[in-house]
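Here is how the chains run, residue by residue.
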Amino acid sequence: MHPETLALHGGYRSDEATGSVAVPIYQTTSYQFRHTQHAEDLFALRELGNIYTRIMNPTCDVLERRMSAIDGGAAALAVSSGQAASTLAVLNLCQAGDNFVSSTDLYGGTWNLFVNTLKGMGVDVRFVDPADPEAFARATDARTRCYYAETLPNPKLQVFPIREVAEIGRALGVPLIVDNTAAPVLCRPFDHGAAVVMYSTTKYIGGHGTSIGGLIIDGGGFDWEAHAERFPTLCQPDPSYHGAVWTEAAKPLGPIAYILRARVVLLRDIGAAMSPFNAFMFLQGLETLPLRMRTHCANAAAVADALTKHDKVTKVIFPGHQDGEVRRRAEAYLAGGFGGLVGFELAGGREAGRRFIDALKLVYHVANIGDARTLAIHPASTTHSQLSQEDRMSTGVSEGYVRLSVGIEHIDDILSDLAQALEAA
Ligand code: PLP
């Protein structure tokens, strides 16, 4: 079925207990076992079922199934935030002494996680420029456990070469993890060879800006056993689970060794679970995601066109305005539009950026993306203010750079607010 249909029907028909058509909020910590044998079978994974909401929950389960269906994955895991999703996605494969290769074009929070926290745990990140896919191969050695990248990273908004890097990885036995937060529905990374997809559901999937959450989806198409020496967490006996080998344990359940381990080991131990209430909130948002993405894309394209014609704007950064190889990638990996994010540079530099933001009336000034409302930020004075000017420029943030996450309001109202704020800039 199509994403519009799956967003409403995927993974659920009605509640078995009550017939409820809306997905109920199962706000419970635990689940009564039928008898001791039932409890024993659940703990031994001989039977799949609910034990404790830190590890699984029926409301979260519908969100997991629905988003997995939209992306063409095998199974998913809901977690407490996008940050938790990227942390668990990497730690599910990497242990102290291992490394992974990441694109340099990353969300700042992910950058910090990789450079400081994971490094402090003995997991070494190797950054490479995504303009050269072969750089991933050159950075790979026997202890490389995965590649990591964002589909549509801001502020540069240059789409990642998913198929090129996924193919290099598959030849070497290294899976590609893709953060698809900025391009849900527009891009299905599994179709291009990615092994694992993750989201901050906080952004477009929710759309309402009320809840923090994350998802990890297992594509089910990576052959862990063919490269068993690279993946000890999945292919060697796990002492924390009476010696289970996850690739073996998953066999009766499907090609879900990766996500099974993430759930029953990492979520069990680290506990970054999504609350059932937030899963319900994300299901409400998800119902209209394909519809909203179309309007985000159309409005962003109109905003990018209008900014290009404005005399105070020196540069517009939008995938639909790029050319050459970057444009080819945008067209190859995004379908139905170029996303909802637009960057631009003001001729008047930092002070013009501040004046523009302060003059906005409709558009919100917040450090977020993917809300149904239009959002703006001036990174040089906020998110990137701690960086040296040199480092800031290398991330693509100039003094007069403004980032817009274009919402789904009427386009005329968005354009008129931007126009009056540009007067003041
Ligand atoms: N990935 C991307 C691309 C993001 O933009 C963000 C947040 O801005 C995250 C991950 C982290 O998500 P969360 O804020 O839900 O932890």
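Predicted model, so just to flag it, every value in this text is computed and none were measured. (Residues numbered from 1 in each chain as written. Predicted model: local features only at pLDDT ≥ 70, side-chain atom pairs only at ≥ 80, totals over all residues. Heavy atoms only, no water.)

Focus on the nonpolar core
Among the nonpolar cores identified, the biggest contains 58 residues, and Leu63, Met67, Tyr147, Ile162 and Leu176 are the most heavily contacted of them. In this structure, this core is formed jointly by two domains, domain 1 (3-283) and domain 2 (290-424), each of which donates at least three residues. In terms of nonpolar packing, the next biggest core, distinct from the first, is built from 45 residues, Ala84, Phe114, Leu118 and Ala250 among them. (Core = buried A, V, L, I, M, F, W, Y, C linked by side-chain atoms within 4.5 Å. Buried < 20%, exposed > 50% of the residue type's maximum accessible area, 1.4 Å probe, protein only. Domains from an automatic or database assignment.)

Points about the pattern of salt bridges
Tallied over the full model, the rule gives 23 salt bridges. Across the salt bridge formed by lysine 119 and aspartate 124, the nearest N and O atoms sit 3.7 Å from each other. Of the residues examined, aspartate 124 reaches a relative accessible area of 29% and is grouped as partly exposed. As a salt-bridge pair, lysine 251 and glutamate 248 come within 3.2 Å of each other at their nearest N and O atoms. Taking relative accessible area as the criterion, glutamate 248 reaches 44% and is therefore assigned partly exposed. Among the charged side chains, a salt-bridge network with shared partners connects Lys119, Asp124, Arg126 and Asp141. (Salt bridge = Lys/Arg side-chain N within 4 Å of Asp/Glu carboxyl O.)

Some thoughts on the site of the ligand
Surrounding the ligand, one finds 13 residues, the nearest of these being Gln83, Asp179, Ser200, Thr202 and Lys203. Here an oxygen atom of the ligand sits 2.9 Å away from a polar atom, N or O, in the main chain of glutamine 83. In terms of residue class, the shell around the ligand is built from 3 nonpolar, 7 polar and 3 charged. (Near = heavy atom within 4 Å. Polar contact = N/O pair within 3.5 Å; in protein donor to acceptor, adjacent residues only side chain to side chain. Nonpolar A, V, L, I, M, F, W, Y, C, P; charged D, E, K, R; others polar.)

Looking at the pairing of strand β2 (residues 99-103)
Burial analysis of β2 places 5 of its 5 residues in the buried class, the great majority of the element. Here β2 shows a buried face lined by Asn99, Val101 and Ser103 and a second buried face lined by Phe100 and Ser102. Of the strand pairs in this sheet, β2 and strand β3 (residues 124-128) are connected by 5 bridges, and their pairing is parallel. In the sheet register, valine 101 faces β3, and the bridge partner there is arginine 126. As a crossover connection, the stretch from β2 through helix α5 (residues 108-120) into β3 is right-handed. (Helix = DSSP H or I, 4+ residues; strand = E, 2+ residues; numbered from the N terminus. Pairing = 2+ DSSP bridges. Right-handed = clockwise from strand over helix to strand, strands pointing away.)

Digging into the sheet that holds strand β12 (residues 401-405)
Hydrogen bonds along the backbone pair up the strands of a sheet, which may run parallel or antiparallel. Taking strand neighbours across the sheet as the criterion, the 5 strands line up as β8-β9-β12-β11-β10 in an open arrangement whose pairing is mixed. This sheet does not close on itself; its edge strands, each paired only once, are β8 (313-317) and β10 (364-365). As paired elements, strand β9 (residues 341-346) and β12 share 5 bridges and run antiparallel to each other. Residue pairing in the sheet places valine 342 in a bridge with leucine 404 of β12.

Some details on the sheet that holds β3
With mixed pairing, the 7 strands of this open sheet are ordered in space as β1-β7-β6-β5-β4-β2-β3. Taken across any chain shown, the strands that pair with only one partner, and hence form the sheet edges, are β1 (75-79) and β3. If you compare each strand with its neighbour and ignore which way they point, the axes differ by 20° on average. Sitting on the sheet, α5 is in contact with β2, β3 and β4 (144-150), with an inclination near 145° to β3. (Axes fitted to C-alpha atoms, helices over the stretch in contact; angles between N-to-C directions. Contact = heavy atoms within 4.5 Å.)

Side note on the environment of leucine 267
The topology assignment puts leucine 267 in helix α10 (residues 257-270). A relative accessible area of 1% means that leucine 267 is categorised as buried. As a C-alpha pair, leucine 267 and leucine 77 span 190 residues in sequence and 9.2 Å in three-dimensional space. Among all residues touching leucine 267, those that are not within four sequence positions of it are Arg54, Ile55, Leu77, Ala78, Val79, Leu88, Ala262, Ala272 and Ala273.

As for the packing of aromatic side chains
Think of a pair of aromatic rings as described by two things: how far the centres are apart, and how the planes are tilted against each other in angle. Taken as a whole and assessed by the stated rule, the structure comprises 13 aromatic pairs. On the basis of an interplanar angle of 65° and a centroid distance of 5.2 Å, the ring pair of phenylalanine 136 and tyrosine 147 is categorised as edge-to-face. Taken together, the positions of phenylalanine 136 in helix α6 (residues 134-138) and tyrosine 147 in strand β4 put the pair 11 residues apart, joining distant regions of the chain. Under the relative-accessibility criterion, tyrosine 147 is labelled buried at 0%. Note on phenylalanine 318 and phenylalanine 338: the rings are 6.2 Å apart at their centroids and 75° apart in plane angle, and the pair reads as edge-to-face. (Phe/Tyr/Trp six-rings, centres within 6.5 Å; stacked < 30°, edge-to-face > 60°.)

Here's the deal with the domain arrangement of the protein chain
Annotation of the protein chain at the domain level lists domain 1 (3-283) and domain 2 (290-424). Computed over C-alpha atoms only, the centres of domain 1 and domain 2 are separated by 29 Å. Contact with domain 1, which involves 33 residues of that partner, is made by 40 residues of domain 2. Interface of domain 1 and domain 2: buried area, both sides summed, is about 2700 Å²; carbon and sulfur atoms make up 60% of it. Where domain 1 touches domain 2, the interface holds 2 salt bridges. In this structure, glutamate 164 and arginine 328 form a salt bridge, with 2.7 Å as the shortest nitrogen-oxygen distance. The interface formed by domain 1 and domain 2 contains 13 residue pairs in polar contact (both at pLDDT 80 or more). Only α1 (3-9) and α7 (162-172) provide two or more residues apiece to the side of domain 1 that touches domain 2. Residues that form the side of domain 1 that touches domain 2 fall into these classes: 20 nonpolar, 8 polar and 5 charged. (Buried area = accessible area lost by both parts, 1.4 Å probe.)

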